[in-house]
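Architecture at a glance
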Amino acid sequence: MIQLPKHKQLVLFDGVCNLCDASVQYIIKHDKNDIFLFTALQSDVGQQIMKEFNIDTNKIDSIILYSNEHGISYKSTAALKIASKLGFPRNLLSVFLIIPGIIRNWVYDYIAKNRYKWYGKKEECMIPTPDLKSKFL
C-alpha cells in the first residue's frame, strides 16, 4: 500500500502522452497549496497502484487520482477533482461533477482515445527538472 504524506494526493498520468505532460505542467503551475504529487502510470509506483487496485490498463490508461483518504478516482472524475483544488476560476469546473459519470466519461474517453493523434507521443517518460523532482514519485 502506497502511503502518501498527509494531505497529499497523487496524480498518475500517461508518461509518454504530450497532452498528459502539458496537463501535469499546468497542475504544477497552479497547485498553490502544494497538494499534488505525480508519477507516470508506467513507473514502478504507478504499476504498483494499478495492481493494488486491480485497474485494467486496457480501460483506464490516462489519468488517475489517488489519496490515502479517498482511494482512487479516474477519468473525468479525477480531472474535475484535481481542478477543484487549483483555485479560482479552475475550481469552478468541479460543478460538472453533477453530470452523470457515464456522460462525462464519454467525452473524456473520446479525447483520451485521440490524444496521441492530436497531441503526439514521446518515446519515453518526462524527466522532471531538479527543482520539480520532489513532486514526483
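The structure under discussion appears in the preceding block.
Residues numbered from 1 in each chain as written. Predicted model: local features only at pLDDT ≥ 70, side-chain atom pairs only at ≥ 80, totals over all residues. Heavy atoms only, no water.

What to know about the pairing of strand E3 (residues 64–67)
Here E3 shows no split at all, with Ile64 and Tyr66 on one side and Leu65 and Ser67 on the other all buried. Taken together, the three bridges between strand E1 (residues 9–13) and E3 define a ladder with antiparallel strand orientation. Along E3, the bridge assignment pairs Leu10 with Tyr66. Pairing of E3 with strand E4 (residues 71–74), which is carried by four bridges, proceeds in the antiparallel orientation. Within E4, the residue paired with Ser67 across the bridge is Gly71. Counting the residues in the hairpin turn of E3 and E4 gives three residues. (Buried < 20%, exposed > 50% of the residue type's maximum accessible area, 1.4 Å probe, protein only. Helix = DSSP H or I, 4+ residues; strand = E, 2+ residues; numbered from the N terminus. Pairing = 2+ DSSP bridges.)

Let's talk about the sheet that holds E3
What the four strands build is an open sheet, ordered E2-E1-E3-E4; its pairing is mixed. Strands at the two margins of the open sheet, each flanked by one partner only, are strand E2 (36–40) and E4. Sheet twist, expressed as the mean angle between neighbouring strand axes with direction ignored, is 25°. Strands E1, E2, E3 and E4 of the sheet are contacted by helix H3 (residues 75–84), whose axis makes an angle of about 105° with E4. (Axes fitted to C-alpha atoms, helices over the stretch in contact; angles between N-to-C directions. Contact = heavy atoms within 4.5 Å.)

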